[in-house]
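# Close look at the chain arrangement
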Amino acid sequence: MNDIQKQIEQEREAARAVCDTSGATSQDCAAAWDAVEELQAEAAHQKQKPQKTSFDTYCEDNPDAAECRVYDD
C-alpha cells in the first residue's frame, strides 16, 4: 500500500473516532470526513498523471542522443 493510501486509512479511522465522540452530525465529524475526501481526491489526481517511461528518463539524462533528437519540419 502506498503512502497516500495509508494516510487515507489513518484519516478514516480518525474520522470514525471523532464521529463516535462528537456525534455523526457534528462539525468536527464533517471536517474529519472532508479531510478523508481531500486525500481521496488527491489519490485520484495522482493516478491521472502520466508516468514517465524509461525512454523519457533516458532522454532527459541524454538529450543529445540520436534517438532523443526532435527535428522541426
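Throughout what follows, the structure given in this document is the object of discussion. In this text the structure is predicted, and so the values were computed from the model without any measurement.

Definitions and cut-offs
- Residues numbered from 1 in each chain as written.
- Predicted model: local features only at pLDDT ≥ 70, side-chain atom pairs only at ≥ 80, totals over all residues.
- Heavy atoms only, no water.
- Helix = DSSP H or I, 4+ residues; strand = E, 2+ residues; numbered from the N terminus.
- Rg over C-alpha atoms; globule rule 2.2 N^0.38 Å.
- Buried < 20%, exposed > 50% of the residue type's maximum accessible area, 1.4 Å probe, protein only.
- Contact = heavy atoms within 4.5 Å.
- Areas by Shrake-Rupley, 256 points an atom, 1.4 Å probe, with all protein chains shown as cover.
- Lys, Arg positive; Asp, Glu negative; His and termini not counted.
- Charge placed at Lys NZ, Arg CZ, Asp CG, Glu CD.
- Salt bridge = Lys/Arg side-chain N within 4 Å of Asp/Glu carboxyl O.

What follows is about the overall build of the protein chain. Within the protein chain, the regular secondary structure consists of three helices and zero strands. Secondary structure elements of the protein chain occur, N-terminal to C-terminal, as α-α-α. A compact globule built from 73 residues would reach a C-alpha radius of gyration of about 11 Å, whereas the protein chain, at 22 Å, exceeds it by more than 25%. Reported as C-alpha extents along the three principal axes, the dimensions of the protein chain are approximately 65 × 25 × 10 Å. In the protein chain, which comprises 73 residues, the share counted as buried stands at 18%. Counting contacts in the protein chain only where the partners sit at least 6 residues apart, residues at least 24 apart contribute 40% of the total. As displayed, the protein chain has an accessible area near 6000 Å², and 46% of this comes from carbon and sulfur atoms. The protein chain carries 7 positive and 17 negative side-chain charges, and their two centres are separated by 5 Å.

Attention now goes to the pattern of salt bridges. Evaluation of the coordinates by the stated rule reveals two salt bridges. Here Glu9 ties to Arg12 by a salt bridge, and the two come within 2.6 Å at their closest N and O atoms. Taken together, the residues Glu9 and Arg12, both in helix H1 (residues 3–22) and three residues apart, mark about one turn of the helix. Among the residues examined, Arg12 registers a relative accessible area of 23% and is labelled partly exposed.

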